[in-house]
Amino acid sequence: MGKRSRREKLRAPTSVYDAGGELELRGSMTPATRREYAELPARTREDAWQRAVEFLFERLAVSWAPGGVEYRKQGELLARYRMASAEERAAVRDALRAHLAEHFPDLDAV
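What this report covers is the structure whose coordinates are included nearby. Since this is a predicted model, take the numbers as computed values, not measurements. (Residues numbered from 1 in each chain as written. Predicted model: local features only at pLDDT ≥ 70, side-chain atom pairs only at ≥ 80, totals over all residues. Heavy atoms only, no water.)

### Concerning the packing of aromatic side chains
(1) Moving on: For the coordinates displayed, the defined rule picks out three aromatic pairs.
(2) Moving on: For the pair Y37 and F55, a centre-to-centre distance of 6.0 Å together with 25 degrees between the ring planes defines the contact as stacked. Of this pair, Y37 sits in helix α2 (residues 31-38) while F55 is found in helix α3 (residues 45-60), placing the two residues 18 residues apart along the sequence.
(3) Moving on: Seen from their ring centres, F57 and Y81 are 4.8 Å apart, and the 25 degrees between their planes marks the pair as stacked. Placement of F57 in helix α3 and of Y81 in helix α4 (residues 74-82) is noted, with a sequence separation of 24 residues between them.
(4) Moving on: Members of the aromatic cluster, connected to one another through ring pairs, are F57, W64 and Y81.
(5) Moving on: Its guanidinium or amino end placed over the ring of Y81, R89 lies 4.6 Å from that ring's centre, counting from NZ or CZ. (Phe/Tyr/Trp six-rings, centres within 6.5 Å; stacked < 30°, edge-to-face > 60°. Helix = DSSP H or I, 4+ residues; strand = E, 2+ residues; numbered from the N terminus. Lys NZ or Arg CZ within 6 Å of the ring centre and 35° of its normal.)

### Digging into the packing of α2 against α3
(1) Moving on: Where α2 contacts α3, the two axes come as close as 10 Å, and the packing angle between them is 165 degrees. The angle between α2 and α3 places the two elements in the roughly antiparallel class. You can see that α2 and α3 cross each other, and the crossing is right-handed. The segment α2 lies against α3, with T33, E36 and Y37 engaging A52, F55, L56 and R59.
(2) Moving on: Of the residues that constitute the contact of α2 with α3, the class distribution is four nonpolar, one polar and two charged. (Axes fitted to C-alpha atoms, helices over the stretch in contact; angles between N-to-C directions. Parallel < 35°, antiparallel > 145°, perpendicular 65-115°, else oblique. Left-handed = near helix turned anticlockwise from the far one by under 90°. Contact = heavy atoms within 4.5 Å. Nonpolar A, V, L, I, M, F, W, Y, C, P; charged D, E, K, R; others polar.)

### Considering the pairing of strand β1 (residues 14-18)
(1) Moving on: Of the two faces of β1, the one holding S15 and Y17 is buried and the one holding T14, V16 and D18 is not buried anywhere.
(2) Moving on: Pairing of β1 with strand β2 (residues 21-26), which is carried by five bridges, proceeds in the antiparallel orientation. Counted as the bridge partner of T14 is R26 from β2.
(3) Moving on: Between β1 and β2, which follow one another and run antiparallel, lie two residues, and G20 among them has a positive phi close to 70 degrees. (Buried < 20%, exposed > 50% of the residue type's maximum accessible area, 1.4 Å probe, protein only. Pairing = 2+ DSSP bridges.)

In structure tokens form, the structure reads like this:
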């Protein structure tokens, strides 16, 4: 077989948090993603905060199991986050803050 079949696919390290269910987040971000995060447009302070949380969730979430139902596909994760209760969103935001502090101390927390 060719060399491609022998290569292992690189995966970013992940961390797991309790955010209304088990939330698994990636431990790495590309330079382009970091730039996009730093340049997020916002009309108001509240708008900036909401956009930043959703942006980070979309880029970093690997899986989330609120209420014991696991979501792994990117579209499903984002759709479930958008339907989340205020308590679930607060738990996700807290997990993202802790994750940024640990893995991305150079980025502004949400």
